[in-house]
Amino acid sequence: MHSATAREYERSLLAVARVVGLELAEVENWHCCGSGAAHSVSRLLGTALPLDNLVSTRRMGLDEVVVPCPSCFSRFKSALHEVENEPELRTQVEEIVEGDYRAEILHPLQVFSRPSMLAAIANARKQTFADLKVVCYYGCLLTRPPKVARFDDVEYPQSMDDVLRAAGVQTLDWSCKTACCGASLTVTRKDIVVKLCHDIFQAAKDVGADAIAVACPLCQLNLDTREEEVEHEYEESYQLPILYFTQLIAMAFGLSPGDVMLRKHFVVPDLKLAEVTAGA
Amino acid sequence: MAGCTGTSLEEHAPTGDSADALGLTPQIVNGVTPEQALQVGGESVAFTELVEQVSGVDVCVCFQCGKCASGCPVSYAGDYTPTQLIHAVQLGLRDQVLRSKTIWLCSSCQICTTRCPQDVDVAGVINAVRIIAQRAQVSPSVSSVPTFFRKSVSNIALFGRMYELGLMADFKVSSRRFSEDLGLGSRMLRKGKFSLLPSFRGSRAARRIIRRSRAIERTS
Ligand code: SF4
Ligand code: SF4
């Protein structure tokens, strides 16, 4: 995974994968899939960019790709869906990318919520979070549109809740699991983003959450960096840390807040960790 | 398929917004409804067909139920709701569609597409309209959004992988938004959220893809 903005996601994801025995290799010579931009300039380009990365994957002899960013996950899956359903587009794309691009696209949540992985996560627990109640925010593109994403319940997904509960984290029911935080507008229309983020913070606060768990670097950055402005604009105090679900699991496995780079966040959480006692 | 008509735009008209200024709020004049007054045919049909061709979506199956509009997180801020926009595409109202704010404010959240009972890929239609507007060089009503798209693609062409700091600087210069979010940007720098130097790995492959897809689009 690329980008300094999400180094803590990458680091915690790799730590969790190592503990549960999931082997990951980086796609050689990968380039940006253009998600969030290229597709809105040209559908051909927006389809060819991700599929070219899949050709590189197949060249490595691999055919499953774990894509931690839902925006990229969605772009890869949409590209495959589009060439499957639009013969004309497929012909053009195949003139551009050289080689087989068929591969399975998976978000880490899809892998970690398999029954064998849930058991491995529960087994590897070393620390618990005292008094921490979390709401899981899945965002837009992990489940939508369902024909493309083919993952979890489209309006009320459960996989992140399952994975975090296996790690001993208490998760709450709430109404904004798949609301939109407006991350794609964060650079261009801050006013809309502040309103959308406010609705999410308020819903989390209403159910008594202490933190929001996310599975998307764009959601994390957007919610975390806009929280102060939302508080200012709406004269409310939220102080809700926005944590990657992998950071929580990695800490449950015994890593320290420093190991998972909690200080990189704008709203820095004050977590109380205790050792898992026998039988807990 | 093209040039079909749906129900009235009136039902989903946003209140007190610029729909009026664009002449879309229906007023019955001398017993003639605005739809009867619209000249549907010729160019308008060609526009509907163009949107259908670029998006691969049959817009005429939309029966104007309003479900896409009721779930849309940004329709409060736009000039048309997604429902109205689809209706305008059905009617082939090219200028209203290409000049609308909504097409640029759409966050691509896919709620509309997911919930449509007629399986209309509304977000796909909006994306196609964006592409058509950029190709036709229609001056966009929210110019920062297409500027950001274009700058992102040049960033990929240059560096292969996103170089965020370079993209932000480029975007700020070309959209003349030097001061907005300056404080946030410098806090992000301090938190180590930007790489200070770009990586060029993957750039040759990305440029090859961009060059080839442009060549195909020029000839088709
Ligand atoms: S939800 Fe579908 S059928 Fe209903 S108005 Fe929107 S596009 Fe038309
Ligand atoms: S994809 Fe765009 S139009 Fe559709 S609901 Fe989301 S923001 Fe609204």
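What counts, and where the lines are drawn
Residues numbered from 1 in each chain as written. Chains lettered and ligands numbered in written order. Predicted model: local features only at pLDDT ≥ 70, side-chain atom pairs only at ≥ 80, totals over all residues. Heavy atoms only, no water. Phe/Tyr/Trp six-rings, centres within 6.5 Å; stacked < 30°, edge-to-face > 60°. Helix = DSSP H or I, 4+ residues; strand = E, 2+ residues; numbered from the N terminus. Buried < 20%, exposed > 50% of the residue type's maximum accessible area, 1.4 Å probe, protein only. Lys NZ or Arg CZ within 6 Å of the ring centre and 35° of its normal. Near = heavy atom within 4 Å. Nonpolar A, V, L, I, M, F, W, Y, C, P; charged D, E, K, R; others polar. Pairing = 2+ DSSP bridges. pLDDT = per-residue confidence, 0-100. Right-handed = clockwise from strand over helix to strand, strands pointing away. Core = buried A, V, L, I, M, F, W, Y, C linked by side-chain atoms within 4.5 Å. Contact = heavy atoms within 4.5 Å.

A. Region of interest: the packing of aromatic side chains. Scanning all chains against the criterion turns up four aromatic pairs over all chains. Each ring, one from Y9(A) and one from Y244(A), has its centre 4.3 Å from the other, and the planes form 0°; the classification is stacked. Of this pair, Y9(A) sits in helix α1 (residues 7–20) while Y244(A) sits in strand β7 (residues 242–244), and the two are 235 residues apart along the sequence. We classify Y9(A) as buried; its relative accessible area is 0%. Residue classification places Y244(A) among the buried positions, given a relative accessible area of 0%. Just above the ring of Y156(A) sits the side chain of K177(A); from NZ or CZ to the centre is 3.7 Å. Geometry around Y76(B) places K195(A) over its ring, the cationic atom sitting 5.0 Å from the centre.

B. Expanded view of the site of ligand 1. For ligand 1, the set of nearby residues contains 13 residues, the closest of which are C62(B), C65(B), G66(B), C68(B) and C116(B). Its residues placed into classes, the shell around ligand 1 shows eight nonpolar, four polar and one charged.

C. View of the site of ligand 2. Residue and element names in this part refer to chain B. The local shell around ligand 2 holds 13 residues, among which C72, C106, C109, Q110 and C112 are the closest. Contributions of two or more residues to the shell around ligand 2 are made by α7 (111–115) and α8 (122–135). For the shell around ligand 2, the per-class residue count stands at 10 nonpolar, three polar and no charged.

D. Summary view of the pairing of strand β4 (residues 133–137) of chain A. All names here are of chain A. For β4, a buried count of four out of five residues is recorded, marking the element as mostly surrounded by other parts of the structure. Relative to strand β5 (residues 170–172), β4 runs parallel, the two sharing three bridges. Within β5, the position partnered with K133 by the bridge is Q170.

E. Layout of the confidence of the model for chain B. The predicted model of chain B has a mean per-residue pLDDT of 79, with 66% of residues at 70 or higher. For this predicted complex, the interface confidence comes out at an ipTM of 0.92, alongside a pTM of 0.86.

F. Representation of the pairing of strand β6 (residues 211–214) of chain A in the model. Residues and elements named next belong to chain A. The alternating pattern of β6 places A211 and A213 and I212 and V214 on opposite faces, both of which are buried. Of the pairings in the sheet, the one linking β4 to β6 comprises four bridges and is parallel in character. Counted as the bridge partner of V135 is I212 from β6. Pairing analysis gives three bridges linking β6 to β7, with the strands arranged parallel. Counterpart to A213 in the pairing with β7 is L243. Each parallel crossover has a hand, and the one from β6 via helix α11 (residues 217–234) to β7 is right-handed.

G. Up close: the nonpolar core. Residue and element names in this part refer to chain A. Counting 140 residues, the largest nonpolar core has L164, I212, F245 and L248 as the members making the most contacts within it. Considering every element that reaches this core, the biggest residue donor is helix α10 (residues 190–206), with nine residues. L248 has contacts with F129, L132, V134, L164, V169, A213 and L243, leaving out every residue within four places of it along the chain.

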